[in-house]
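These are the residues of each chain, in order.
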There are 2 protein chains.
Amino acid sequence: MTTIKEVARRAGVAPASVTRALSGHPNVSDELRQKVLAAVAETGYKPDLLAAGLRSRSSRCVGIIVSDLINPLLAEVVHYMEMAISQAGYTVLLANSHGDPARDTDSVHTLHQRRVDAIAVMCVDERNAELQQALAGFPGPVVLLDREIPSCETASAVVSDHYRGTYRLTEHLLEAGHREILYLGGLLDTTHVGRERLRGFQAALADHGLEMRPDLLRASRAVAQAGRDVIAELLDRDALPSAIVVGPNPFVPGVLTELHARGVRVGQDVALASLDDTPLAVLHQPPVTALSRSMDELARVAARLLLDQLAGSRIQPRTVVLPVEVQLRPSTAVTAEAVAQNRSRRRSGRRRASGDGAPGLRRGAGAAV
Amino acid sequence: MTTIKEVARRAGVAPASVTRALSGHPNVSDELRQKVLAAVAETGYKPDLLAAGLRSRSSRCVGIIVSDLINPLLAEVVHYMEMAISQAGYTVLLANSHGDPARDTDSVHTLHQRRVDAIAVMCVDERNAELQQALAGFPGPVVLLDREIPSCETASAVVSDHYRGTYRLTEHLLEAGHREILYLGGLLDTTHVGRERLRGFQAALADHGLEMRPDLLRASRAVAQAGRDVIAELLDRDALPSAIVVGPNPFVPGVLTELHARGVRVGQDVALASLDDTPLAVLHQPPVTALSRSMDELARVAARLLLDQLAGSRIQPRTVVLPVEVQLRPSTAVTAEAVAQNRSRRRSGRRRASGDGAPGLRRGAGAAV
DNA sequence: TTGAAAGCGCTAACAA
DNA sequence: TTGTTAGCGCTTTCAA
């Protein structure tokens with residue numbers, strides 16, 4: 001590997017002049033620059049960024065901590081953040097927590113040791129005290145994405161307006177007469193997302209004179225099987241409510257799979273709404289009502305915040321709230337009353353044609369409503 | 001930030017002894033180790049990995065180049081690779097090419113300059129000469145994922161058996177009597193995936209005495225809109241064939257959207273198969289036949305190859321081929337004959353109820369087959 | 001088993 | 001405008 005010394009020797013100049021010529025230093029003569037560029041071209045010299053970082057005390061790297069890259073929505077955020085970050089001349093160090101809060105903390109330490117200039121955080125558990133401490137000890141700017149850590153005063157945050165989105169989605173169900181609504185969320189209190197969504201759901205219920213029923217509140221890590229299990233269990237107990245609000249997008253396939261398997265018709269025997277929008281929600285028959293938001297925008301705003309702070313503008317850390325849209329689709333175009341009728345009609349239909357293999361609500365699940 | 005000097009001073013030992021104590025050097029007395037560990041605990045010392053990397057000539061970082069992280073399948077590979085790599089004590093540098101071949105090359109240079117110990121490559125265009133040259137100039141191990149660069153003798157490769165998978169999928173359609181099959185692929189010759197899939201498709205045709213019809217071969221970058229456009233154009237020309245093979249998963253939503261919009265019933269008015277499996281393919285009504293493979297396994301095998309080479313076992317670079325499964329589903333459970341019948345029945349049906357707004361094949365698309 | 005010295009490759013600070 | 005010198009924080013080498 002050619003070093004700066006070798007280039008300097010060939011060009012007949014000092015190593016520092018090579019640095020200056022290559023880094024666009026203002027006071028460099030054309031002649032010197034020519035000599036240096038020629039020597040660089042000859043040798044194929046590429047500066048060692050490890051050494052440069054050590055000396056200049058800036059690695060020009062940004063760390064991204066993500067709770068679970070297998071979630072396409074989070075992958076999308078990383079995608080767009082990487083775009084903005086690399087465009088600004090920084091390289092991304094990626095740390096994936098795989099749903100384990102301890103890894104969040106480890107990642108901050110590792111990134112710190114690798115001397116990244118800034119960190120973007122989509123952690124598993126924002127309440128984790130060790131994580132908070134590790135972030136507080138990190139010297140550079142920190143931006144949280146859909147997370148909030150009030151204790152961490154050096155951190156900016158970009159969040160979607162999950163409260164408002166979920167409130168309006170729930171309101172839509174309540175206005176269709178639904179009084180028993182299953183809320184199937186991710187971990188409810190580890191992140192801003194989980195917390196605000198549940199808060200929006202509860203507020204909408206309260207404004208319609210309803211309380212959250214503990215038996216209709218389910219939460220678990222955002223893995224597909226969980227969605228399936230919850231629906232299966234409710235159907236087994238003949239306790240499927242007339243409407244379902246399902247949170248993190250990994251649950252959606254599981255919920256739909258189990259409903260199909262049991263012959264429960266979405267949009268007829270149950271109303272279904274998702275708090276994340278996906279191609280599946282759009283293309284399912286019937287299409288599924290969902291909350292949508294721009295992960296692109298989330299990423300761009302977060303990257304801008306980080307890069308501005310890195311560029312030295314002494315911007316105060318701040319919180320940006322981005323809008324969430326309700327995408328109304330046929331899966332919720334059914335009133336509670338219609339759900340009850342559909343279920344009882346199917347029940348009696350099955351009785352008439354008893355013993356046939358046609359799919360239908362098992363064990364008269366409609367009676368539970 | 002505490003440095004090794006400060007720790008050494010506190011422990012009353014030499015800096016080199018701190019390194020030895022912390023790095024598990026064999027010849028270190030218990031006493032010295034205790035003193036060092038105490039000083040480390042007191043100060044919260046964390047070694048500067050930039051400096052360590054500079055001196056030891058190994059950054060303990062691995063670069064991953066990915067053509068487009070927004071593709072959930074690629075994100076999944078990155079997810080599992082990161083898992084294996086970080087478990088081995090390495091940190092991942094992520095470089096996303098956003099579909100631009102020039103960025104592939106840039107990324108290799110950047111990662112090289114950042115002194116990563118190895119590179120995993122899912123590039124946009126494996127034929128790119130600059131990329132090949134950049135990879136050849138990289139001193140560490142290189143592993144290609146679903147890519148092949150014969151010229152690069154230092155690179156291992158892990159590929160899925162796209163040829164065999166696509167062959168069998170196509171055979172399945174041919175056996176149902178389909179003779180006009182649209183092949184809607186990604187860029188056909190820039191990667192092993194694209195090339196092998198097309199080769200498998202053509203081989204299956206050839207073995208049934210058919211040639212590839214240029215008007216039934218479409219290719220474009222793997223973005224959603226492309227799928228939609230191709231179907232729209234074919235329907236506009238009344239030229240939709242009886243079966244469709246659609247390649248990269250981003251096309252699938254577009255294809256389905258357009259078919260739905262035009263009232264073409266998948267599995268009745270057209271047979272549809274996808275070369276990538278997704279939750280959408282599984283949960284679509286009717287479910288869509290697709291090729292599936294384990295991205296998890298792909299990633300693990302690739303990571304193992306890289307890490308083994310890093311661990312010094314002088315393994316020859318080699319190519320590993322992983323299996324691809326055909327998931328038969330109802331979307332292809334329709335013969336060419338049935339497609340023709342369905343289309344003409346719908347056509348006459350529409351004629352009887354002419355002028356109504358019901359969805360149906362426009363302009364008698366069935367006649368084209 | 002431990003310490004002292006050197007130096008990885010670069011850039012900042014200062015001097016010319 | 002350019003060169004010289006020093007040193008970022010660590011690990012390696014060599015000597016004790």
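You'll find the structure just up there.
Now for a look at the structure at hand. (Residues numbered from 1 in each chain as written. Chains lettered and ligands numbered in written order. Predicted model: local features only at pLDDT ≥ 70, side-chain atom pairs only at ≥ 80, totals over all residues. Heavy atoms only, no water.)

Side note on the overall build of chain A
In terms of regular secondary structure, chain A is built from 14 helices and 12 strands. Taken against the 2.2 N^0.38 rule, which gives 21 Å for 369 residues, the C-alpha radius of gyration of chain A at 27 Å runs more than 25% over that of a compact globule. With the C-alpha coordinates of chain A rotated into their principal frame, the extents come out at 100 × 40 × 30 Å. Of all 369 residues assigned to chain A, the portion counted as buried reaches 55%. Summarising the internal contacts of chain A: among those between residues at least 6 apart in sequence, 73% fall at separations of at least 24. (Helix = DSSP H or I, 4+ residues; strand = E, 2+ residues; numbered from the N terminus. Rg over C-alpha atoms; globule rule 2.2 N^0.38 Å. Buried < 20%, exposed > 50% of the residue type's maximum accessible area, 1.4 Å probe, protein only. Contact = heavy atoms within 4.5 Å.)

Focus: the sheet that holds strand β3 (residues 118-122) of chain B
Strand order in this open sheet of 12 strands is β11(A)-β5(A)-β4(A)-β3(A)-β1(A)-β2(A)-β2(B)-β1(B)-β3(B)-β4(B)-β5(B)-β11(B), and the pairing throughout is mixed. The open sheet has two free edges, formed respectively by β11 (319-322) of chain A together with β11 (319-322) of chain B, since each of these has just one partner strand. Taken over all neighbouring pairs, the strand axes of this sheet differ in orientation by 20 degrees on average, direction set aside. Pairing between strand β1 (residues 61-66) of chain B and β3(B): five bridges, direction parallel. When the sheet's bridge partners are listed, B:G63 is paired in β3(B) with B:I119. (Pairing = 2+ DSSP bridges. Axes fitted to C-alpha atoms, helices over the stretch in contact; angles between N-to-C directions.)

Details of the side chain of A:N96
Of note, A:N96 is situated in strand β2 (residues 91-96). The class of A:N96 is buried, set by a relative accessible area of 1%. Reaching out from A:N96, the side chain makes a polar contact with the backbone nitrogen of A:H98 at a distance of 3.0 Å. Not counting residues up to four positions away in its chain, the partners in contact with A:N96 are A:V66, A:S67, A:D68, A:L69, A:R103, B:H79 and B:E82. (Polar contact = N/O pair within 3.5 Å; in protein donor to acceptor, adjacent residues only side chain to side chain.)

Concerning the protein's contact with DNA strand D
Neighbouring DNA strand D are 25 residues, the closest being A:S29, A:R55, A:R57, B:I4 and B:T19. Taken together, the sugar and phosphate atoms account for 65% of what DNA strand D places within 4 Å of the protein. Contacts to DNA strand D include A:S29, whose side-chain N or O atom sits 2.5 Å from a phosphate oxygen. At 2.6 Å from a phosphate oxygen of DNA strand D is found a side-chain nitrogen or oxygen belonging to B:Y45. Of all the secondary-structure elements, those providing two or more residues to the surface near DNA strand D are α2 (15-22) and α4 (49-56) of chain A together with α2 (15-22) and α4 (49-56) of chain B. Of all the elements, α4(B) adds the most residues to the surface near DNA strand D, at five residues. Partitioned by chemical class, the residues of the surface near DNA strand D number 13 nonpolar, six polar and six charged. (Near = heavy atom within 4 Å. Nonpolar A, V, L, I, M, F, W, Y, C, P; charged D, E, K, R; others polar.)

Some words on the interface of chain A and chain B
Each partner contributes residues to the interface: chain A has 48 residues there, and chain B has 48 residues. In total, about 4500 Å² of surface goes out of reach between chain A and chain B, with carbon and sulfur atoms giving 64% of it. For the chain A face of the interface with chain B, the top three residues by lost area are A:L50, A:R114 and A:L283, together amounting to 18%. At the surface where chain A touches chain B, the tally comes to two salt bridges. A salt bridge links A:D48 to B:R115; the shortest N-O distance between them is 3.3 Å. The interface formed by chain A and chain B includes 26 residue pairs in polar contact (both at pLDDT 80 or more). Listing elements by their share of the side of chain A that touches chain B, those giving two or more residues are α4, α5 (72-87), β2, α6 (101-113), α11 (251-261) and α12 (279-283) of chain A. With nine residues, α5(A) is the single largest residue contributor to the side of chain A that touches chain B. Where β2(A) lies against strand β2 (residues 91-96) of chain B, three bridges are found, and the strand directions are antiparallel. (Buried area = accessible area lost by both parts, 1.4 Å probe. Salt bridge = Lys/Arg side-chain N within 4 Å of Asp/Glu carboxyl O.)

Some words on unusual backbone geometry
Cis geometry is found at the peptide bond from A:Q285 to A:P286, where omega equals -5 degrees. You can see A:P286 is positioned in the loop between α12 and β10 (289-292). Even without being glycine, B:H98 reaches a positive phi, approximately 50 degrees.

Let's talk about the relation of the copies chain A and chain B
Mapping chain A onto chain B calls for a rotation angle of 180 degrees and an axial translation of 0.1 Å; the resulting RMSD is 0.1 Å. The transformation relating the two chain copies, once decomposed into turn and shift, fits a two-fold axis. Closest to the rotation axis within chain A is the C-alpha of A:L93, separated from it by 2.2 Å. The fraction of interface residues of chain A whose copies in chain B are also interface residues reaches 100%, indicating that both copies meet through the same surface. (Least-squares fit on C-alpha atoms with pLDDT ≥ 70 in both.)

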